[in-house]
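Next come the chains, spelled out residue by residue.
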Amino acid sequence: MVPLTEHDIRASFVNCTKGETKRLALPRDLTERPWADLDFLGWRDPAAPQRAYLVVESDQGAVGVALRLAAPSAGRARRSMCSLCLTNHSGDGVSLMTARKAGRAGQQGNSVGVYICTDLACSLYLRGRKQTGLGGRLHESITLAEKIDRTRANLVGFLDKVVAG
């Protein structure tokens with residue numbers, strides 16, 4: 001992914017008002033991000049932990065969506081799989097994140113959800129730059145490039161649902 005500027009990021013959001021994009025908290029470490037290893041830029045709002053954001057490069061430029069994390073479920077420890085990168089996590093390592101749909105559908109309260117790595121580090125898990133512990137990544141016979149393509153396709157599928165009217 002090419003490094004993004006604050007302006008690029010704020011201009012990319014498809015499911016926020018202009019006021020919301022002006023107020024959202026951007027990551028402070030944009031210059032230190034491992035851009036070459038990222039398939040998307042994802043971060044959580046430190047002041048509002050139930051909010052998350054992701055920005056993806058597309059043919060039309062950067063596309064960003066604001067997400068809300070579902071409240072973690074109480075009870076037994078569980079294992080869950082990220083719907084984007086297919087990494088397994090235990091405990092709260094995967095969260096249901098919902099995005100308000102873009103346009104009129106979003107104004108009417110419609111949203112779509114996806115299970116994503118809670119820390120939004122899918123790209124780093126894929127490349128082995130971050131570990132989840134025992135059983136985090138299942139052995140697969142496909143190449144890293146194929147895993148990256150699959151993750152991007154899963155992400156584009158989710159974004160298509162957010163943008164669809």
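Use the structure listed above.
What counts and what doesn't
- Counting from 1, residues in each chain are numbered in the order their sequence is written.
- For this predicted model, a pLDDT threshold of at least 70 governs which residues receive local features, and a threshold of 80 or more governs which side-chain atom pairs are given and counted, while totals over whole chains, interfaces and linings are taken from all residues.
- Hydrogens and water molecules were not included; the side-chain quantities draw on all heavy atoms of the structure.
- Here a strand is any run of E in DSSP of at least two residues, a helix any run of H or I of at least four, and the numbering for each starts at the N terminus.
- Our radius of gyration is a C-alpha quantity, and the globule rule it is checked against amounts to 2.2 Å times the number of residues to the power 0.38.
- Think of it in three bands: with a 1.4 Å probe and only protein chains considered, a residue is buried below 20% of the maximum accessible area for its type, exposed above 50%, and partly exposed in between.
- Here the rule is simple: two strands pair whenever DSSP picks up at least two bridges between them.
- Salt bridges are defined by distance alone: a side-chain nitrogen of Lys or Arg within 4 Å of a carboxyl oxygen of Asp or Glu.
- Grid points spaced at 1 Å over the protein atoms alone were grouped into cavities, where a 1.4 Å probe fits but cannot get out, and pockets, open sets with protein on both sides within 12 Å along at least five of seven lines, with lining residues defined by an atom within 4 Å of a point.
- Grid points are joined across faces, edges and corners, and a volume is the space filled by probe spheres set on the points.
- Any residue outside Ala, Val, Leu, Ile, Met, Phe, Trp, Tyr, Cys, Pro, Asp, Glu, Lys and Arg is labelled polar, Gly included; the first ten of those are nonpolar and the last four are charged.
- Axis geometry follows a simple rule: fit a line to the C-alpha atoms, using only the stretch in contact for helices, then measure angles between N-to-C directions, giving values from 0 to 180 degrees.
- Note on definitions: a residue-residue contact is assigned when non-hydrogen atoms from the two residues lie within 4.5 Å.
- Stacked, tilted and edge-to-face are the three classes assigned to paired rings of Phe, Tyr and Trp, where Trp is represented by its six-membered ring and a pair needs centres within 6.5 Å; plane angles under 30 degrees give stacked, over 60 edge-to-face, the rest tilted.
- Here, the term nonpolar core denotes a set of buried Ala, Val, Leu, Ile, Met, Phe, Trp, Tyr and Cys residues that are joined through side-chain atoms within 4.5 Å.

## Some points on the overall build of the protein chain
For step 1, the next point in the chain: What the protein chain contains, in helices and strands, is 5 helices and 7 strands.
For step 2, the next point in the chain: When the elements of the protein chain are put in sequence order from the N terminus, they spell out α-α-β-β-β-β-β-β-α-β-α-α.
For step 3, the next point in the chain: By the compact-globule yardstick of 15 Å for 165 residues, the protein chain fits well, its C-alpha radius of gyration being 16 Å.
For step 4, the next point in the chain: In terms of overall dimensions, the protein chain has a C-alpha envelope of 45 × 40 × 30 Å along the principal axes.

## Re the pairing of strand β1 (residues 41-45)
For step 1, the next point in the chain: The element β1 is extensively covered by neighbouring structure, given that 4 of its 5 residues are classed as buried.
For step 2, the next point in the chain: Of the pairings in the sheet, the one linking β1 to strand β2 (residues 48-58) comprises 5 bridges and is antiparallel in character. Among the inter-strand pairings, Gly 42 is bridged to a residue of β2, identified as Leu 54.
For step 3, the next point in the chain: In sequence, β1 turns back onto β2 through a hairpin of 2 residues.

## Quick word on the pattern of salt bridges
Oppositely charged side chains are able to pair whenever their charged atoms sit close together.
For step 1, the next point in the chain: Taken as a whole and judged by the stated rule, the model has 8 salt bridges.
For step 2, the next point in the chain: Between Arg 33 and Asp 29 there is a salt bridge; the shortest N-O distance is 2.9 Å.
For step 3, the next point in the chain: Salt-bridge contacts for Asp 39 lead to Arg 152; the nearest nitrogen and oxygen are separated by 3.1 Å. Pair noted here: Asp 39 is in the loop between α2 (18-23) and β1 and Arg 152 is in helix α5 (residues 144-163), with a separation of 113 residues, a long-range link.
For step 4, the next point in the chain: In this structure Arg 152 comes out as partly exposed when scored by relative accessible area, which is 38%.
For step 5, the next point in the chain: Here the salt bridges do not stand alone but share partners, grouping Asp 39, Arg 127 and Arg 152 into one network.

## Section: the layout of surface pockets
For step 1, the next point in the chain: Approximately 340 Å³ is the volume attributed to the largest pocket.
For step 2, the next point in the chain: Looking at the largest pocket, it is lined by 17 residues, and the ones nearest its centre are Glu 20, Arg 51, Ala 66, Arg 68 and Arg 100.
For step 3, the next point in the chain: Counting residues per element, the ones that place at least two in the lining of the largest pocket are α2, β2, β3 (61-69) and β6 (94-100).
For step 4, the next point in the chain: Of the residues assigned to the lining of the largest pocket, the class counts are 8 nonpolar, 3 polar and 6 charged.

## Here's the deal with the sheet that holds β3
For step 1, the next point in the chain: The sheet built from 5 strands is open, its strands ordered β1-β2-β3-β6-β7 with antiparallel pairing. One side of each edge strand has no neighbouring strand; the edge strands of this open sheet are β1 and β7 (111-117). Taking the axes of each pair of neighbouring strands and ignoring which way they run, one obtains an average angle of 30° across the sheet.
For step 2, the next point in the chain: Pairing geometry for β6 and β7, over 7 bridges, is antiparallel. Bridge assignment links Ser 95 to a residue of β7, and that residue is Ile 116.
For step 3, the next point in the chain: Sitting on the sheet, α5 is in contact with β2, β3, β6 and β7, with an inclination near 155° to β7.

## Some details on the packing of aromatic side chains
For step 1, the next point in the chain: This structure, assessed with the given rule, holds 2 aromatic pairs.
For step 2, the next point in the chain: Taking 5.8 Å as the distance between ring centres and 90° as the angle between the ring planes, the aromatic pair formed by Phe 13 and Tyr 53 counts as edge-to-face. Taken together, the residues Phe 13 in the loop between α1 (6-12) and α2 and Tyr 53 in strand β2 connect sequence positions 40 residues apart. Across this residue pair, the class does not change: Phe 13 and Tyr 53 are buried.
For step 3, the next point in the chain: An aromatic cluster of three or more residues is present, and its members are Phe 13, Trp 43 and Tyr 53.

## Points about the nonpolar core
For step 1, the next point in the chain: Grouped together as the largest cluster of nonpolar side chains are 43 residues, with contacts concentrated most on Ile 9, Leu 41, Trp 43, Leu 54, Leu 67, Ile 116 and Phe 158.
For step 2, the next point in the chain: Contributions of two or more residues to this core are made by β1, β2, β3, β6, β7, α4 (122-126) and α5.

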